[in-house]
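Inside the fold
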Amino acid sequence: MNDGSVVFELNGAPDAVDMENILQQMSELSEGKQGMTMLYKISCFEIPSASAMMVKLSDLPRWIGVMKAFKKMAIVTEKAWIRNVAELEGFLIRGLEIKSFEFDEIHQAEAWLDEG
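I will try to describe carefully the structure that is included in this document. (Residues numbered from 1 in each chain as written. Predicted model: local features only at pLDDT ≥ 70, side-chain atom pairs only at ≥ 80, totals over all residues. Heavy atoms only, no water.)

Moving on, we come to the pattern of salt bridges. The final tally for this structure, using the stated rule, is two salt bridges. The salt bridge involving Glu9 is made with Lys41; its shortest N-O contact spans 3.8 Å. Of this pair, Glu9 sits in strand E1 (residues 5-12) while Lys41 sits in strand E2 (residues 36-45); the two residues are 32 residues apart in sequence, bridging distant segments of the chain. Given the relative accessible area of 55%, Glu9 is considered exposed. We note a salt bridge from Arg83 to Glu102, for which the minimum N-O separation is 3.7 Å. Of this pair, Arg83 sits in helix H4 (residues 80-92) while Glu102 sits in the loop between strand E4 (97-101) and helix H5 (106-114), and the two are 19 residues apart along the sequence. (Salt bridge = Lys/Arg side-chain N within 4 Å of Asp/Glu carboxyl O. Helix = DSSP H or I, 4+ residues; strand = E, 2+ residues; numbered from the N terminus. Buried < 20%, exposed > 50% of the residue type's maximum accessible area, 1.4 Å probe, protein only.)

Below is the structure:
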């Protein structure tokens, strides 16, 4: 993976503090950048707490700003429904291509991110 790549891992259910920390880290990593890629590994996923979802929704403009820095995101998870939802989001977020992979396809995910 190249220098403009971010690897992010989610394990479990984030609470409001976790969600704010995630957003802050992503904001700092993407500030002033364009064309970045992200490898997003999701294991042992649990639905975020209501307070975590409120943080995300209340700060939606900042989330959108962060996502504009990325051109490609590879979602790696064993949950088929998460892969389906992720690819749907790729259709909804202009300029961001999202492709999902199973955990045993992590090398394919990395190769896809490195493609042009």
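After presenting the structure, the write-up continues.
This next bit is on the packing of helix H1 (residues 16-30) against helix H3 (residues 60-67). Across the interface, H1 lies against H3 with an axial gap of 9 Å and an inter-helix angle of 40°. On the basis of the axis angle, H1 is oblique to H3. The way H1 lies across H3 gives a crossing that is left-handed. Touching Met19, Glu20, Ile22, Leu23, Gln24, Met26, Ser27 and Ser30 of H1 are Arg62, Trp63 and Val66, all from H3. Partitioning the contact of H1 with H3 into residue classes produces six nonpolar, three polar and two charged. (Axes fitted to C-alpha atoms, helices over the stretch in contact; angles between N-to-C directions. Parallel < 35°, antiparallel > 145°, perpendicular 65-115°, else oblique. Left-handed = near helix turned anticlockwise from the far one by under 90°. Contact = heavy atoms within 4.5 Å. Nonpolar A, V, L, I, M, F, W, Y, C, P; charged D, E, K, R; others polar.)

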